[in-house]
Amino acid sequence: MKAIGLLDYLPIDNERSLFDIDIPKPIAKGNDLLIEVKAISINPVDVKVRAPKEKKEESPKVLGWDASGVVVAAGEECKIFKTGDEVYYSGSITRPGTYSEYHLVDERVVGNKPKSLTHGESAALPLTSITAWEALFERLRIDPLKKEENELKTILIIGGSGGVGSIAIQLAKWAGLHVIATASRPETKSWAKDLGADETIDHHQSFKQQLKTINTAEVDFILCLNNTDQHWNSMADVVKPQGKICSIVENDKPLDLNVLKSKSVTFVWEFMFTRSMYNTADMIEQHLLLNDIGELIDAGILRTTMNKRFNPINAENIRKAHRLIESGSTIGKIVIENFE
Ligand SMILES: NC(=O)c1ccc[n+]([C@@H]2O[C@H](COP(=O)([O-])OP(=O)(O)OC[C@H]3O[C@@H](n4cnc5c(N)ncnc54)[C@H](OP(=O)(O)O)[C@@H]3O)[C@@H](O)[C@H]2O)c1
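Every value quoted in this text rests on a predicted model; they were computed, and no experiment measured them.

Conventions adopted
- Residues numbered from 1 in each chain as written.
- Predicted model: local features only at pLDDT ≥ 70, side-chain atom pairs only at ≥ 80, totals over all residues.
- Heavy atoms only, no water.
- Buried < 20%, exposed > 50% of the residue type's maximum accessible area, 1.4 Å probe, protein only.
- Helix = DSSP H or I, 4+ residues; strand = E, 2+ residues; numbered from the N terminus.
- Pairing = 2+ DSSP bridges.
- Expected span 1.5 Å × (residues − 1).
- 1 Å grid on protein atoms, 1.4 Å probe; cavity = no way out; pocket = protein on both sides within 12 Å on 5 of 7 lines; lining within 4 Å.
- Points joined across faces, edges and corners; volume = space filled by probe spheres on them.
- Nonpolar A, V, L, I, M, F, W, Y, C, P; charged D, E, K, R; others polar.
- Domains from an automatic or database assignment.
- Polar contact = N/O pair within 3.5 Å; in protein donor to acceptor, adjacent residues only side chain to side chain.
- Contact = heavy atoms within 4.5 Å.

1. Here we look at the pairing of strand 3 (residues 32–42)
Of all eleven residues in strand 3, nine are buried, a share of seventy percent or more. Across five bridges, strand 3 lies against strand 7 (residues 102–106) in antiparallel orientation. Residue pairing in the sheet places E36 in a bridge with Y102 of strand 7. Strand direction decides the pairing type here: strand 3 and strand 5 (residues 67–74), joined by seven bridges, are antiparallel. Residue pairing in the sheet places A39 in a bridge with S68 of strand 5.

2. A short note on helix 5 (residues 163–174)
The end-to-end C-alpha distance of helix 5 is 18 Å, a good match for the 16 Å that twelve residues give at a rise of 1.5 Å each. The element helix 5 is largely enclosed, with a buried count of eleven among its twelve residues. Those residues of helix 5 that sit buried are G163, V164, G165, S166, I167, A168, I169, Q170, L171, A172 and W174. Positioned one or two residues after helix 5, G176 has a phi angle of 100 degrees, which is positive.

3. Some thoughts on the layout of surface pockets
Put simply, the largest pocket is a space of about 1,300 Å³. For the largest pocket, the lining is made up of 49 residues, of which P44, K48, L225, N226 and V249 are closest to its centre. Elements that contribute at least two residues to the lining of the largest pocket include exactly helix 1 (44–50), helix 3 (126–139), helix 5, helix 8 (228–238), helix 11 (315–326) and strand 16 (333–337). Classifying every residue of the lining of the largest pocket by side-chain character gives 17 nonpolar, 24 polar and eight charged. Each of two domains, domain 1 (2–125 + 280–337) and domain 2 (129–269), supplies a minimum of three residues to the lining of the largest pocket.

4. Details of the side chain of H203
Within the fold, H203 resides in the loop between strand 11 (199–201) and helix 7 (207–213). Within the structure, H203 has its side chain in polar contact with the side chain of T182 (distance 2.7 Å). Filtering out sequence-adjacent residues up to four positions away, H203 remains in contact with G159, T182, A183, S184, Q230 and H231.

Here's what the structure looks like:
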């Protein structure tokens, strides 16, 4: 089967950084489904895993953690899906990725593909939707059903126009929150507003000063989707006493937890691969939440975050997408459709 892999970790302009390969089609066993991949999307994690380093692989490593496709075989333990079902999922960081014509995934982290979307539009969603859902409704413990209570609360979403921000804004609005998103350019500000953000502020300027101009002294929740080091002190500054902060981006320098103490602020990490990486007992939650996201899409409450699409799925187009993600200024998601 066709796939795209790497042996050396090279700068993206090197054609050997990701190249077309032919590898054996895998066989579904146990809880695994074999998926015929119709579309993928590219995430910053792909770029982080591929980042140049000395390490070498003995056989091609396949990256990619978002796909939409069709079940073509199911392992003997599978109970949820059957051959012919259309699905979308992110998968596991500890297993080969989705840059391949056929792909194995544990059915407990797979959802029903939204019926109203194409495979491309669906592939934009799984990794970022799982991240945003878990961050908002599990880590920050916002109850999406308590809309009246949530209407009195404000969330600051840092990095509002990126892949995760684009779905987090929509989910936070669905839950009833007042949403302030950060965006630094006219096109990212209007993207965030179109998705439902009530206000935008610039992540390159003081949060405190800008919040003052929109009559907001402090915020109940902060979801940090970019550069935790840069935003750490500003977050401590504008979070309400007893408020909550969730970050999804690893820090490069030690973080000073003391700045949160006098306000008794809760800080929590979100890592969407935790469940699949540690095979946690509640792994099935990702299947359920992807189904919920699909239903909200089909009901017209959420929309796809796809903003750019390439065709076909090959090394050249994947390298193009990695180059764009490396720029740090993509808006929404980049999708690649169809093996030729
Ligand atoms: N923990 C997890 O489970 C998890 C899951 C998904 C992603 N992540 C990580 O989360 C980060 C964001 O992912 P993503 O897919 O949303 O990224 P992305 O789509 O590449 O984000 C691009 C956006 O980031 C904004 N941005 C650039 N510099 C910024 C800054 N200093 N502060 C705030 N925003 C800034 C840009 O907005 P402007 O153009 O307006 O500046 C741009 O629209 C990545 O580091 C990714 O690896 C973690």
